Amino acid sequence: QQPVQSPQAVILREGEDAVINCSSSKALYSVHWYRQKHGEAPVFLMILLKGGEQKGHEKISASFNEKKQQSSLYLTASQLSYSGTYFCGTGSYSGAGSYQLTFGKGTKLSVIP
Amino acid sequence: DAGVTQSPTHLIKTRGQHVTLRCSPISGHKSVSWYQQVLGQGPQFIFQYYEKEERGRGNFPDRFSARQFPNYSSELNVNALLLGDSALYLCASSLWAGTDNEQFFGPGTRLTVL
């Protein structure tokens, strides 16, 4: 099932902070965060794994609550370059060595001067 | 270092035709995943391949098929094209199968079905 992202859209002024949430009804092995600008491919931001391991960009932070199957992406001191659509992808395992990464519908972030 | 490459960049087909999309992963990556992205939506998982074997399949009809070659490049084939197949097709490469390692996306192939 597709994870649910909130909010759907947010407008920030440069320097403001934002939090994007992602929740799933399925047991998760991982949460992936990507940013996509119009007409471009998604760019990897961060991966969070069960057990607390995280890998990603230094200037971006995120949390993963395994029990609640929720993740949040924290964007601090936003810059104009942060504008784009943010997607969370939830990693699940469906047995027999079969994996799937399921993306939410995205959160559109606009940073204005 | 070269990133993920995909070809062609754009493609226009008519209903009922067949299409083949190609992907070359990042050097050293052994897994390739395919996604379909329609405007305004997140990427939707189609397949994951690792070491030439299918390791995941999304909810797509049998008209969609894929394979991975010994050099880890991959092809996505779509038969009997429908108007609804018009989308951006993304390929992502990763070191190994599963969802516990980063996936890096290529620029995509924009498919238009008329």
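Preceding this paragraph is the structure being described.
Residues numbered from 1 in each chain as written. Chains lettered and ligands numbered in written order. Predicted model: local features only at pLDDT ≥ 70, side-chain atom pairs only at ≥ 80, totals over all residues. Heavy atoms only, no water.

A. Region of the structure containing the overall build of chain A. Each helix and strand counted, chain A has zero helices and eleven strands in total. Walking chain A from its N terminus toward its C terminus, one meets helices and strands in the order β-β-β-β-β-β-β-β-β-β-β. A compact globule built from 113 residues should have a C-alpha radius of gyration of about 13 Å, and chain A, at 14 Å, falls within 12% of that. Taken over the C-alpha atoms alone, chain A extends approximately 50 × 30 × 20 Å along its principal axes. When each of the 113 residues of chain A is scored for burial, the buried share is 46%. Taking the intrachain contacts of chain A between residues at least 6 apart in sequence as the baseline, contacts between residues at least 24 apart amount to 55%. Surface summary for chain A: the accessible area is close to 5800 Å², and the carbon and sulfur share equals 49%. Between the centroid of the 11 positive side chains of chain A and the centroid of its 7 negative side chains there is a distance of 9 Å. (Helix = DSSP H or I, 4+ residues; strand = E, 2+ residues; numbered from the N terminus. Rg over C-alpha atoms; globule rule 2.2 N^0.38 Å. Buried < 20%, exposed > 50% of the residue type's maximum accessible area, 1.4 Å probe, protein only. Contact = heavy atoms within 4.5 Å. Areas by Shrake-Rupley, 256 points an atom, 1.4 Å probe, with all protein chains shown as cover. Lys, Arg positive; Asp, Glu negative; His and termini not counted. Charge placed at Lys NZ, Arg CZ, Asp CG, Glu CD.)

B. Quick look at the nonpolar core. If you look at the biggest cluster of nonpolar residues, it comprises 22 residues, and the most contacted ones within it are Trp34, Ile46, Leu76 and Tyr89 of chain B. Sequence-distant contacts of Ile46 of chain B, defined by excluding residues within four places in its chain, comprise Trp34, Tyr35, Gln36, Gly56, Arg57, Gly58, Phe60, Phe64, Leu76 and Tyr89 of chain B. If you look at the next biggest cluster of nonpolar residues, it comprises 20 residues, including Leu12, Ile20, Met46 and Leu73 of chain A. (Core = buried A, V, L, I, M, F, W, Y, C linked by side-chain atoms within 4.5 Å.)

C. Looking closely at the sheet that holds strand β8 (residues 74-78) of chain B. Residues and elements named next belong to chain B. What the four strands build is an open sheet, ordered β1-β3-β8-β7; its pairing is antiparallel. Looking along the sheet, the strands with just one partner apiece sit at the ends: β1 (5-7) and β7 (64-68). Direction aside, neighbouring strands of the sheet carry axes that sit 15 degrees apart on average. Judged from the five bridges that link them, strand β3 (residues 19-24) and β8 form a sheet pairing that is antiparallel. Looking across to β8, one finds that Val19 is bridged to Val78. (Pairing = 2+ DSSP bridges. Axes fitted to C-alpha atoms, helices over the stretch in contact; angles between N-to-C directions.)

D. Inspection of the interface of chain A and chain B at higher detail. With 22 residues of chain A at the interface, the matching set in chain B holds 24 residues. For the pair chain A and chain B, the summed buried area comes to about 1800 Å², and 59% of that belongs to carbon and sulfur atoms. Among the residues of chain A in contact with chain B, Tyr99, Leu101 and Phe103 of chain A are the three that bury the most area, contributing 28% of the side total. Taken together, the connections running from chain A to chain B amount to zero salt bridges. Sorting the residues of the side of chain A that touches chain B by element identifies β4 (30-36), β5 (43-49), β9 (84-93) and β10 (99-103) of chain A as the ones contributing at least two each. (Buried area = accessible area lost by both parts, 1.4 Å probe. Salt bridge = Lys/Arg side-chain N within 4 Å of Asp/Glu carboxyl O.)

E. A look at the sheet that holds strand β1 (residues 4-6) of chain A. Residues and elements named next belong to chain A. One open sheet holds the four strands; their spatial order is β1-β3-β8-β7, and the pairing between them is antiparallel. The open sheet has two free edges, formed respectively by β1 and β7 (61-65), since each of these has just one partner strand. For this sheet, the mean angle separating the axes of adjacent strands, direction not counted, is 15 degrees. Here three bridges tie β1 to strand β3 (residues 18-23), and the two strands are oriented antiparallel to one another. In the sheet register, Val4 faces β3, and the bridge partner there is Ser23.

F. Structural view of the state of the cysteines. Residue and element names in this part refer to chain A. This structure, assessed with the given rule, holds two disulfides over all chains. Two residues, Cys22 and Cys88, share a disulfide whose sulfurs are 2.0 Å apart. For the disulfide bridge between Cys22 and Cys88, the dihedral angle about the S-S bond is near 65 degrees, and by the sign convention the bridge is right-handed. Residue Cys22 is located in strand β3, and its partner Cys88 is located in strand β9; the two are separated by 66 residues in the primary sequence. Comparing Cys22 with Cys88 shows no difference in burial state: the two are buried. (Disulfide = S-S within 2.5 Å.)

G. Spotlight on the pattern of salt bridges. Residues and elements named next belong to chain B. If you walk through the whole model with that rule in mind, you get five salt bridges over all chains. Glu51 is paired through a salt bridge with Lys30; the nearest N and O atoms lie 3.6 Å apart. Taken together, the residues span a long stretch of sequence, with Glu51 in the loop between β5 (44-50) and β6 (53-57) and Lys30 in the loop between β3 and β4 (31-37) at a distance of 21 residues. Assessed through its relative accessible area of 32%, Glu51 is described here as partly exposed. Where Arg57 meets Glu54, a salt bridge forms, and the shortest distance between an N and an O atom there is 3.3 Å. Given a relative accessible area of 35%, Glu54 falls into the partly exposed group. Sharing partners across several salt bridges, the network here consists of Arg22, Arg67 and Glu75.

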